[in-house]
Amino acid sequence: MRYARLSVDGRARWGRVGETDVELLSGSPLAGDAGRPDPEVVGTVPRDTADWLPPVVPPVFYAVGLNYPRHIEHAARLGNPAAVLPDRPEVGYRANNALTGHRSPIVKPAEVEGRFEAEPELVAVIGRTIRHASYEEARTAVFGWTIGNDVSARTWQQQDRTFWRSKNSDTFKPMGPWIETDVDALAQTTTLRVDGEERASFPTGDMVFDPFDFIVEITRHITMRPGDVLWMGAESTCGIEPGDTVEVEISGIGVLSNPVHLEGNHQS
């Protein structure tokens, strides 16, 4: 099943995605309270004209870095002292303000210089409250999977003590287009394209630690709740510029597409 969030008449609405239409739902499909009934269908919107929002607004936005061996090797060649194979799963955080939906623009700030890059990422969406999870409990706690594009301003990343603007500026985290609940996400292929040209392709599951390893580690210390998201890192990156259209495809899930605009020149 595929679930999405759309803007309909200025309101955020959950929907169930079909081949040609999105069925609007009366509520959220996420587990939440025990015994909550499935939301009812209350209308439809054609997929072609849907105004896509990020498929979930997470209570907590977790993000993994340097979790693919080839990405670690690349970062090490660039002189990143943190680019070593990790011996345990460690997670970071991102800001919800950076989220934007499918087809919405990535806005490059006018003052950004140097490398401006996209990273294609698998995203796990948590479906129930968990603490001290076993590996199997972590597997069953994932409601579904979506796609993320981790946009980064590398010069800012090198200049600042934290990632506050290099990773978290508005529109730097496209996510979507929907949550797919029926897929073996780790058996898929991730592909990154710019203006239709393939720039990267890699096995989605070729990670140092998988999503369930991270969920086990996180829940040793932190309660995870329905709607939390866990971005899983990327094997490859590529430069992007205003005027480009960036696509991240994960087979079995879908395609996340976003144009790149320069700040002050973008259109709604």
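Structure: above.
What comes next concerns the included structure. Everything numeric here is computed off the predicted structure, so don't read it as measured data.

## Description of unusual backbone geometry
- In this structure, the amide linkage connecting Gly176 to the following residue, Pro177, adopts the cis form with an omega of -5 degrees.
- The phi dihedral of Asp9 is positive, around 55 degrees, even though this residue is not glycine.
- One can find Asp9 in the loop between strand E1 (2-8) and strand E2 (11-17).
- Residue Asp9 is classed as exposed on the basis of its relative accessible area, which comes to 78%.

## Re the pairing of strand E3 (residues 21-25)
- The pairing of E2 with E3 spans three bridges and is antiparallel. Considered in E3, the bridge of Arg16 is made with Glu23.
- Linking E2 back to E3 in an antiparallel pair, the connection comprises three residues.
- With five bridges connecting them, E3 and strand E4 (residues 41-46) associate as antiparallel partners. Bridging from a neighbouring strand, Asp21 pairs with Pro46 of E4.

## Some remarks on the nonpolar core
- By size, the foremost hydrophobic cluster in this structure holds 46 residues, and its most contacted members are Phe116, Leu122, Trp145, Ile215, Leu230 and Ile240.
- Examining the composition of this core, we find that four residues originate from one element, helix H4 (residues 211-219), more than from any other.
- Not counting chain neighbours up to four residues away, the residues in contact with Ile240 comprise Phe116, Glu117, Ala118, Val151, Val194, Val246 and Val260.

## Points about the sheet that holds strand E13 (residues 152-153)
- If you trace the three strands from one edge of the open sheet to the other, you get E13-E10-E18, paired in antiparallel fashion. Two strands in the sheet have a free side with no partner beyond their single neighbour: E13 and strand E18 (238-239).
- Pairing of strand E10 (residues 116-118) with E13 involves two bridges; the strand directions are antiparallel. Within E13, the residue paired with Phe116 across the bridge is Ala153.

The rules we used
- Residues numbered from 1 in each chain as written.
- Predicted model: local features only at pLDDT ≥ 70, side-chain atom pairs only at ≥ 80, totals over all residues.
- Heavy atoms only, no water.
- Helix = DSSP H or I, 4+ residues; strand = E, 2+ residues; numbered from the N terminus.
- Buried < 20%, exposed > 50% of the residue type's maximum accessible area, 1.4 Å probe, protein only.
- Pairing = 2+ DSSP bridges.
- Core = buried A, V, L, I, M, F, W, Y, C linked by side-chain atoms within 4.5 Å.
- Contact = heavy atoms within 4.5 Å.

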